Amino acid sequence: QVQLVESGGGLVQAGGSLRLSCAASGRTFSSYGMGWFRQAPGKEREFVTGISRGGSNTYYADSVKGRFTISRDNAKNTVFLQMNSLKPEDTAVYYCAVEVSAARYDYWGQGTQVTVSS
């Protein structure tokens, strides 16, 4: 079993930045890829970005490319999401998850709210 705890969300003006963190416990963190997803009100949860076990490979949704950066610190069992140039359409609850197999994610955290005002 693995537990994930997200933090770092908040209210920010358009154009601003936030850095989300996801702390993991319960399993060998460095053995798994990790991902960030988000869910806006009335919409389905969507993939935002993913990172490989060692951090050398990253993947981004087109909507966040060039603005968001995922990284991880395996020594601290933590994955980060740096979000720059935020837009109102980035408003959502952001979740991290473990990539348990190719492109399949599980062990969701409780989420952290990000609200971008225009």
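This write-up is about the structure you can find in this document.

Parameters at a glance
- Residues numbered from 1 in each chain as written.
- Predicted model: local features only at pLDDT ≥ 70, side-chain atom pairs only at ≥ 80, totals over all residues.
- Heavy atoms only, no water.
- Helix = DSSP H or I, 4+ residues; strand = E, 2+ residues; numbered from the N terminus.
- Rg over C-alpha atoms; globule rule 2.2 N^0.38 Å.
- Buried < 20%, exposed > 50% of the residue type's maximum accessible area, 1.4 Å probe, protein only.
- Contact = heavy atoms within 4.5 Å.
- Areas by Shrake-Rupley, 256 points an atom, 1.4 Å probe, with all protein chains shown as cover.
- Core = buried A, V, L, I, M, F, W, Y, C linked by side-chain atoms within 4.5 Å.
- Disulfide = S-S within 2.5 Å.
- Pairing = 2+ DSSP bridges.
- Axes fitted to C-alpha atoms, helices over the stretch in contact; angles between N-to-C directions.

Right, let's talk about the overall build of the protein chain for a bit. Counting its secondary structure elements, the protein chain contains zero helices and 11 strands. Put simply, the protein chain runs from its N terminus to its C terminus through helices and strands in the order β-β-β-β-β-β-β-β-β-β-β. Taking 2.2 N^0.38 as the reference for a compact globule, 118 residues should give roughly 13 Å; the C-alpha atoms of the protein chain span a radius of gyration of 13 Å, in line with that estimate. Structurally, the protein chain occupies a C-alpha span of about 40 × 25 × 25 Å along its principal axes. Burial analysis of the protein chain (118 residues in total) assigns 42% to the buried set. Residue pairs at least 24 apart in sequence account for 53% of intrachain contacts in the protein chain once pairs closer than 6 positions are excluded. If you sum the accessible surface of the protein chain, you get close to 6100 Å²; carbon and sulfur atoms cover 45% of it.

Of all hydrophobic cores here, the largest spans 28 residues; its most connected members are Leu4, Met34, Trp36, Phe68, Val79, Met83 and Tyr94. Taken together, the elements giving at least two residues each to this core come down to β3 (18-25), β4 (33-39), β5 (46-51), β7 (68-73), β8 (78-83), β9 (92-101) and β11 (112-117).

Inspection of every chain in the model, using the stated rule, returns one disulfide. Sulfur-sulfur distance for the disulfide between Cys22 and Cys96 comes to 1.9 Å. As the torsion about the S-S bond is roughly 60 degrees, the Cys22-Cys96 disulfide counts as right-handed. Here Cys96 lies in strand β9 and Cys22 lies in strand β3, a separation of 74 residues in the sequence. Judged by relative accessible area, Cys22 falls into the buried class, the value being 0%.

We now examine the sheet that holds β7. With respect to topology, four strands assemble into an open sheet ordered β1-β3-β8-β7, the strand pairing being antiparallel. Sheet topology places β1 (3-7) and β7 at the edges, where each strand pairs with a single neighbour. Taking each pair of neighbouring strands and ignoring which way they run, the sheet shows an average axis angle of 15 degrees.

Moving on, we get to the pairing of β11. Alternating positions in β11 separate cleanly, Thr112, Val114 and Val116 being buried on one face and Gln113, Thr115 and Ser117 remaining unburied on the opposite face. Here four bridges tie strand β2 (residues 10-13) to β11, and the two strands are oriented parallel to one another. Bridged to Leu11 within β11 is Thr115. Bridge count for β9 against β11 is three bridges, and the pairing is antiparallel. Within β11, the position partnered with Tyr94 by the bridge is Thr112.

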